[in-house]
Amino acid sequence: MRSWALITGGSVRLGREIGLAFARAGWNVACHYNRSGEQAQALCAELRALGVDALAVQGELEDEASCQRIFDTTVATTGLALRCVVNNASLFVPDEGDSFDEAQALAQLKVNLMAPMRFGKWLAKLHANSQQATKQSTPEAASASHQPQPSVIHVLDQKVYNLNPDYFSYTLSKLALERAVSLQAQSLAPTLRVNAVAPGLMYLSGPQTQDNFNRAAQANLLRQPINPADVASSVLFLAQNASITGTTLRVDNGQHLVPLARDVMFVVEELFKS
Ligand SMILES: NC(=O)c1ccc[n+]([C@@H]2O[C@H](COP(=O)([O-])OP(=O)(O)OC[C@H]3O[C@@H](n4cnc5c(N)ncnc54)[C@H](OP(=O)(O)O)[C@@H]3O)[C@@H](O)[C@H]2O)c1
């Protein structure tokens, strides 16, 4: 039976790359979306053409009830074959530590931190009983079912290793998520594995112009843009490697080793002058 991966914010940009990587490796894909319904349906058609099953699941990630609906709708189709949740969706709103808006900061904490914690909790619950039953059955049945433990994989940001005060609340949420990789791995073991990837700049965001992005994308040790497909294949690697938990892969062309006083989009001109 094919395994399923649920990918949040899975219809565009990095989420889409991750869905394609899983499908090419033979996984069925549940593509969560909120507003990008057309893109989600188009991606599902593309994934089915690759020979796997695909499901588009709509929902807001801020509140618990909506997250629960997303999870339950997915499991109604996948059952226990749901073996990976990739927490890719995020809210990315500019603000600063001396002036952040409370509601906006909380929204980012809910989407970027609490939704990933909830999906981990529910995936662990889904698999806890079945793993117990397998252990209690014959040794042959236990060894026949041997495959990597299910996992949750969080998408962080190299910013957590390379702080600057821009995007204050977003960074706060990703810092907490980075610390949660070990904590959640300890909490949910041995049922689930918990891992993460920390990408660098991949896509144009917020107020950035294309010209600014083209320069900023090279502000890393390798002086070249990060290929989102490399981030996606790292997520797939973590999903399929039975021996890794509590680990973050930095997939950023070494951007975390290039300290900057502000977000790269605001300092790229001076950086390339110097
Ligand atoms: N972009 C970069 O260069 C970069 C750099 C470093 C790290 N990252 C991380 O990589 C991941 C993907 O980045 P990205 O730029 O591809 O993501 P993105 O385009 O900013 O967001 C991905 C999706 O998240 C969904 N989303 C946002 N808020 C939501 C909410 N309240 N409820 C439900 N869904 C919500 C949206 O889905 P709908 O469109 O369906 O509404 C959106 O398309 C993120 O975790 C980001 O922090 C990105």
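Structural data are supplied above this passage.
Residues numbered from 1 in each chain as written. Predicted model: local features only at pLDDT ≥ 70, side-chain atom pairs only at ≥ 80, totals over all residues.

(A) Expanded view of the overall build of the protein chain. Broken down by element type, the protein chain carries 9 helices and 7 strands. For 274 residues, the compact-globule estimate of 2.2 N^0.38 gives 19 Å, and the C-alpha radius of gyration of the protein chain, at 19 Å, lies within 12% of that figure. Taken along the three principal axes of its C-alpha coordinates, the protein chain extends 65 × 40 × 35 Å. With 274 residues in all, the protein chain has 41% of them scored as buried. Long-range contacts, defined as pairs at least 24 residues apart, comprise 75% of the intrachain contacts of the protein chain with a sequence gap of at least 6. (Helix = DSSP H or I, 4+ residues; strand = E, 2+ residues; numbered from the N terminus. Rg over C-alpha atoms; globule rule 2.2 N^0.38 Å. Buried ≥ 20, exposed ≤ 12 C-beta atoms within 10 Å, placed from the backbone. Contact = placed C-beta atoms within 7 Å.)

(B) Representation of the site of the ligand. Surrounding the ligand, one finds 27 residues, the nearest of these being G9, R13, N34, S36 and A89. With 3 residues, helix α1 (residues 13-24) is the single largest residue contributor to the shell around the ligand. Split by residue class, the shell around the ligand holds 13 nonpolar, 9 polar and 5 charged. (Near = placed C-beta within 6 Å. Nonpolar A, V, L, I, M, F, W, Y, C, P; charged D, E, K, R; others polar.)

(C) Local environment of the nonpolar core. Counting residues in hydrophobic clusters, the biggest one holds 64 residues, and the most contacted among them are A5, V29, C31, I153, V197 and V235. Sequence-distant contacts of V197, defined by excluding residues within four places in its chain, comprise I153, V155, L156, V231, S234, V235, T248, L249 and V251. (Core = buried A, V, L, I, M, F, W, Y, C linked by C-beta atoms within 7 Å.)

(D) Representation of the environment of T73 in the model. The residue T73 is located in helix α3 (residues 64-78) in this model. C-alpha of T73 to C-alpha of G51: the two residues are 22 residues apart in sequence and 22 Å apart in space.

(E) Focus on the packing of α1 against helix α8 (residues 228-240). Where α1 contacts α8, the two axes come as close as 8 Å, and the packing angle between them is 55 degrees. Of the possible angle classes, the one that applies to α1 and α8 is oblique. Handedness of the crossing formed by α1 with α8: right-handed. Contact residues: L14, E17, I18, L20, A21 and F22 in α1; P228, A229, V231, A232, S233, V235 and L236 in α8. (Axes fitted to C-alpha atoms, helices over the stretch in contact; angles between N-to-C directions. Parallel < 35°, antiparallel > 145°, perpendicular 65-115°, else oblique. Left-handed = near helix turned anticlockwise from the far one by under 90°.)

Everything listed is a geometric property; what it means functionally is a separate question.
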